[in-house]
Amino acid sequence: MIYWSIKTLLSEPTRLFISALAVSMSFLLVVFFSAVFEGESEQMVTYLRKMDADIWVMQKGVSNMHMASSMVWDWKVDKIASIPGVKAVSAILYLNGPLKIGGKDWFSYLMGISPKYKNTGPWDMAKGKALPEQGEVVIPEVVSQLTGVQIGDEITMVDRKLRVVGLTHGTFAMASSVVFVSHEDLGNLLHGRDQVSYIMVYANPGVSTQTLIQRIKDDVEKVNVLSSEDFIQSDWQLATQMGTEIIRMMTTIGTLLATLIVAFTSYSLVARKKQELAIAKALGFSNGQIYSAALCQSVVITGTGLLFTLLLSYTLLTWLPAMIPQLNLAVGLHQFIPIVVITLPVAVIASFIAARTVVKVDPMTVFSG
Amino acid sequence: MTSDSILKANNLSKFFASGTSEVRAVNDVSLNIKRGEMVLIMGPSGSGKTTLLSMLGALLNPTSGDVVIDGTSISSMKDNELAALRAKKIGFIFQAFNLLEALNVEENILFPAQLNIGGIHAARNRLDILLDRLGLTARQYALPNTLSGGEKQRVAIGRALINQPAIVLADEPTGNLDSHKGQEVIMLLHDIARDDNCAVLMVTHDPRVEEIADRVLWLEDGAIRDRKSEQHSWIKDPVCGMRIDEWTATIGTEYKNHRYVFCSQRCLERFQSKPDKYLNNEK
């Protein structure tokens, strides 16, 4: 019966192709949302990664950059710089908030940077100058493409106008893009010109991060000191926590969709081949053997769908960001694990509907000439 | 022909509920069929022939009575046991051929072999013998949709015989064939009974089979009895000229207030396309 079920499926390749494609579309939906979510989450910590600091120092009680606010007196930057084992320090002012660009609000990570502090970004310029002076702003190139705002145009930061002087690569995220303004402008806005938000510490070679963290904690009051790894992890977790439920929901919807598609395909195959199943029953095949044939068809459809998903993911999902620049996609093998895991249960559950039809098939119908 | 019994029905009855009343499709039928015997079941439409065949083939449970196949009573068997019995002891041939569309000739014939001891591998030798005997060697890998009606029925016969059953049950095996192809199939079934010592029980309206059958059982209103050979009303099929029993013929049509009967659906269709042509020929 298994051989019959496979031959029957292969005898209608178009139907098999369409069914498998439909299954792969629902699986692809799951992979797509996961890739978007992971890409966005990754983008949220891009700045932290790009700064490549060993240690981040922030206001006491703060352990994130995303959705957080931190203010530290700027003299603490010098104090940290004087601690043995510190190779270099850098600092930024930071605000999480919207900018009005091209008539639309863009929720952004506003980085107040100063020539006084090195290595604070931007790290990849598309056009224009990298270091904004007072009244100037550097925005992501993607925002420029989406809004039509070009170098020389004005944008609004809360109550003040800033002129676009540079466009950056790799700084756009749908949830929050990285925008660079001058330390003075952001300091004025925050009434904190003598303050910084985050201090980046670079250790001398041979000095362990943990040792240096302890020294900073011992010497500088009212700050939280985190290794870069812990800080990034903390922000990553915050970002993923916010989206986990959504991803779980999308995975459930995608799985249900795939199950429905396979179930419908299996059922329609069994329904169309009712007469052949009646023949098999009359010839001596049991309900169990016929059900195993229906299950085999479900497994083949779902398995082919899975294969299509893998192929389409690596072609479509790598091609999409080039077409839609605002998409940040992170495609990894781990995203396929849930799909692979649910494949067999989807096939089994989907074949239950066909099983009911199999049991109901009356072998007496073979006599209807 | 040996004398041992292979299929017995004891006081077999099947009643169907119809509204508040009860229809007796088969009523207290007893029969005994021996190895190597070719037995026909004939009778008017609705006389219970197919119901009887279904019960004898372990496809339908009787309301009362018992069927004994090769010495084993099947009345207390479970569905899976009945399925296994059908696979090993009974070969089925249907009017509509009932081949599996996606499988080629060889695969269709081998299809039930997977239910037998040794499976498909063990049945390979028998497949070659059957293909040769049925004249299907050249069509071994053809799909059913490329076969003629006669070829399809020969494949169905091969499928019925692959597990070397003790009984072959054939339901109108010539019903969808023209007279020539029908004759071929009848002779094949006759040879099977004679050479393989296999009982062939056939439901048919084809009067030609009577001439080669060992016995004809006449079923009427669900009851069976031996039918005397003179109970015929022979007329000619206006298309092919074949002799047909007007009393038992099921394929027919009215034309100019006269009823014409045919040996096959094909002849009927030909007649309906140009009735006057065939009636003029007849004259």
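The present account deals with the structure reproduced in this document. (Residues numbered from 1 in each chain as written. Chains lettered and ligands numbered in written order. Predicted model: local features only at pLDDT ≥ 70, side-chain atom pairs only at ≥ 80, totals over all residues. Heavy atoms only, no water.)

On a plain count of helices and strands, chain A comes out with 11 helices and 12 strands. Considering chain A as a whole, with its 369 residues, one finds that 52% of them fall into the buried category. Sequence-distant contacts, at least 24 apart, represent 81% of the contacts inside chain A between residues at least 6 apart. Of the roughly 16,300 Å² that chain A leaves accessible, carbon and sulfur atoms contribute 61%. (Helix = DSSP H or I, 4+ residues; strand = E, 2+ residues; numbered from the N terminus. Buried < 20%, exposed > 50% of the residue type's maximum accessible area, 1.4 Å probe, protein only. Contact = heavy atoms within 4.5 Å. Areas by Shrake-Rupley, 256 points an atom, 1.4 Å probe, with all protein chains shown as cover.)

On to the sheet that holds strand E2 (residues 21-34) of chain B. Backbone-to-backbone hydrogen bonds join strands into a sheet, with any given pair of strands oriented parallel or antiparallel. All names here are of chain B. In spatial order, the strands read E2-E1-E4-E5; together these 4 strands make up an open sheet with antiparallel pairing. Bordering the open sheet on either side are E2 and strand E5 (72-73), each of which pairs with just one other strand. Relative to E2, strand E1 (residues 5-18) runs antiparallel, the two sharing 10 bridges. By the bridge assignment for E2, Ala 17 is matched with Glu 22. Of the strands in this sheet, E1, E2 and strand E4 (64-69) touch helix H1 (residues 49-56), which is tilted by about 125 degrees from E1. (Pairing = 2+ DSSP bridges. Axes fitted to C-alpha atoms, helices over the stretch in contact; angles between N-to-C directions.)

Residues and elements named next belong to chain A. Mapped onto the elements of the fold, Pro 325 is located in the loop between helix H10 (287-323) and helix H11 (337-360). Separated by 153 residues in the primary sequence, Pro 325 and Phe 172 place their C-alpha atoms 8.9 Å from one another. Once you skip the residues sitting within four places of it in the chain, Pro 325 turns out to touch Val 142 and Gln 145.

Let us look at the interface of chain B and chain A. With 28 residues of chain B at the interface, the matching set in chain A holds 24 residues. When chain B packs against chain A, the two sides together hide about 2,200 Å² of surface, and 67% of this comes from carbon and sulfur. Our enumeration of links across chain B and chain A arrives at 1 salt bridge. We note a salt bridge from Lys 7 of chain A to Glu 107 of chain B, for which the minimum N-O separation is 3.2 Å. Linking chain B with chain A are 7 residue pairs in polar contact (both at pLDDT 80 or more). Breaking the side of chain B that touches chain A down by element, the ones donating at least two residues are H1 and helix H2 (79-89) of chain B. The greatest single-element share of the side of chain B that touches chain A, amounting to 5 residues, is contributed by H2 of chain B. For the side of chain B that touches chain A, a count of residues per class yields 16 nonpolar, 7 polar and 5 charged. (Buried area = accessible area lost by both parts, 1.4 Å probe. Salt bridge = Lys/Arg side-chain N within 4 Å of Asp/Glu carboxyl O. Polar contact = N/O pair within 3.5 Å; in protein donor to acceptor, adjacent residues only side chain to side chain. Nonpolar A, V, L, I, M, F, W, Y, C, P; charged D, E, K, R; others polar.)

What follows deals with the pairing of strand E7 (residues 167-171) of chain B. All names here are of chain B. In terms of residue burial, E7 counts as a mostly covered element, since 5 of its 5 residues are buried. Burial of E7 is two-sided: the residues Ile 167, Leu 169 and Asp 171 facing one way and the residues Val 168 and Ala 170 facing the other way are all buried. Across 5 bridges, the pairing between E7 and strand E8 (residues 199-203) is parallel. Across the sheet, the residue bridging to Asp 171 is Val 203, located in E8. Regarding topology, helix H6 (residues 179-196) serves as the crossover connection from E7 to the parallel E8, and that connection is right-handed. (Right-handed = clockwise from strand over helix to strand, strands pointing away.)

The subject of this paragraph is helix H4 (residues 119-133) of chain B. Residues and elements named next belong to chain B. Taking 1.5 Å of rise per residue, the 15 residues of H4 would be expected to cover 21 Å, and the 21 Å separating its terminal C-alpha atoms lies within 8% of that figure. Helix geometry: H4 is bent most strongly at Asn 125, by close to 45 degrees. Every buried residue belonging to H4 is among Gly 119, Ala 123, Arg 126, Leu 127, Leu 130 and Leu 131, and all of these are buried. Among the structural elements, helix H3 (105-110), helix H5 (149-161) and H6 are those in contact with the buried residues of H4. Of the residues trailing H4, Gly 135 is marked for its positive phi of about 70 degrees. (Expected span 1.5 Å × (residues − 1). Bend = angle between axes of the 7 residues up to and from the residue.)

All right, on to the side chain of Ser 108 of chain A then. Residues and elements named next belong to chain A. Within the secondary structure, Ser 108 sits in strand E4 (residues 104-113). Relative accessible area serves as the criterion here: at 1%, Ser 108 is assigned to the buried category. Here the side chain of Ser 108 touches Trp 106 through a polar contact of 2.9 Å, landing on its backbone oxygen. Setting aside residues up to four positions removed in sequence, Ser 108 forms contacts with Leu 95, Asn 96, Gly 97, Pro 98, Leu 99, Ser 176, Ser 177 and Val 179.

In total, this model carries 3 cavities of 30 Å³ or more according to the counting rule given. If you trace the largest cavity, you find it lined by Leu 283 of chain A together with Arg 86, Ala 87, Ile 90, Gly 91, Phe 92, Pro 112, Arg 159, Ala 160, Ile 162, Asn 163 and Pro 165 of chain B. Secondary structure elements with two or more residues in the lining of the largest cavity: H2, strand E6 (90-93) and H5 of chain B. In terms of residues, the lining of the largest cavity owes the most to one element, E6 of chain B, which gives 3 residues. Here the residues of the lining of the largest cavity are counted per class, giving 8 nonpolar, 2 polar and 2 charged. (1 Å grid on protein atoms, 1.4 Å probe; cavity = no way out; pocket = protein on both sides within 12 Å on 5 of 7 lines; lining within 4 Å. Points joined across faces, edges and corners; volume = space filled by probe spheres on them.)

Let's shift gears to the packing of aromatic side chains. Applying the stated criterion across every chain, the model contains 16 aromatic pairs over all chains. Note on Tyr 47 of chain A and Phe 180 of chain A: the rings are 6.2 Å apart at their centroids and 45 degrees apart in plane angle, and the pair reads as tilted. Of this pair, Tyr 47 of chain A sits in helix H3 (residues 46-51) while Phe 180 of chain A sits in strand E9 (residues 177-182), placing them 133 residues apart in sequence. Phe 180 of chain A matches Tyr 47 of chain A in its accessibility class, with the two residues each being buried. Between the aromatic rings of Phe 262 of chain B and Phe 271 of chain B, the centroid separation amounts to 5.0 Å while the plane-to-plane angle is 50 degrees, which identifies the pairing as tilted. No difference in accessibility class separates Phe 262 of chain B from Phe 271 of chain B, as the two residues are buried. (Phe/Tyr/Trp six-rings, centres within 6.5 Å; stacked < 30°, edge-to-face > 60°.)

On to the pattern of salt bridges. Considering all chains together, one arrives at 14 salt bridges over all chains under this definition. A salt bridge links Lys 89 of chain B to Asp 70 of chain B; the nearest nitrogen and oxygen atoms lie 2.5 Å apart. Within this pair, whereas Lys 89 of chain B is found in helix H2, its partner Asp 70 of chain B is found in the loop between E4 and E5, the two being separated by 19 residues in sequence. By relative accessible area, Lys 89 of chain B is classed as partly exposed at 27%. In this structure, Glu 151 of chain B engages Arg 139 of chain B in a salt bridge whose closest nitrogen and oxygen atoms are separated by 3.2 Å. Here Glu 151 of chain B is found in helix H5, whereas its partner Arg 139 of chain B is found in the loop between H4 and H5, with 12 residues between them in sequence. What emerges from the salt-bridge pattern is a single network uniting Lys 129, Glu 133, Glu 136 and Arg 163 of chain A.

Here we take up the environment of Asn 11 of chain B. All names here are of chain B. Assignment of secondary structure puts Asn 11 in strand E1. We classify Asn 11 as partly exposed; its relative accessible area is 43%. Sequence-wise, Asn 11 and Asp 66 are 55 residues apart; in three dimensions their C-alpha atoms are separated by 6.9 Å. Setting aside residues no more than four positions away along its own chain, Asn 11 makes contact with Asp 28, Val 29, Ser 30, Ser 64 and Gly 65.

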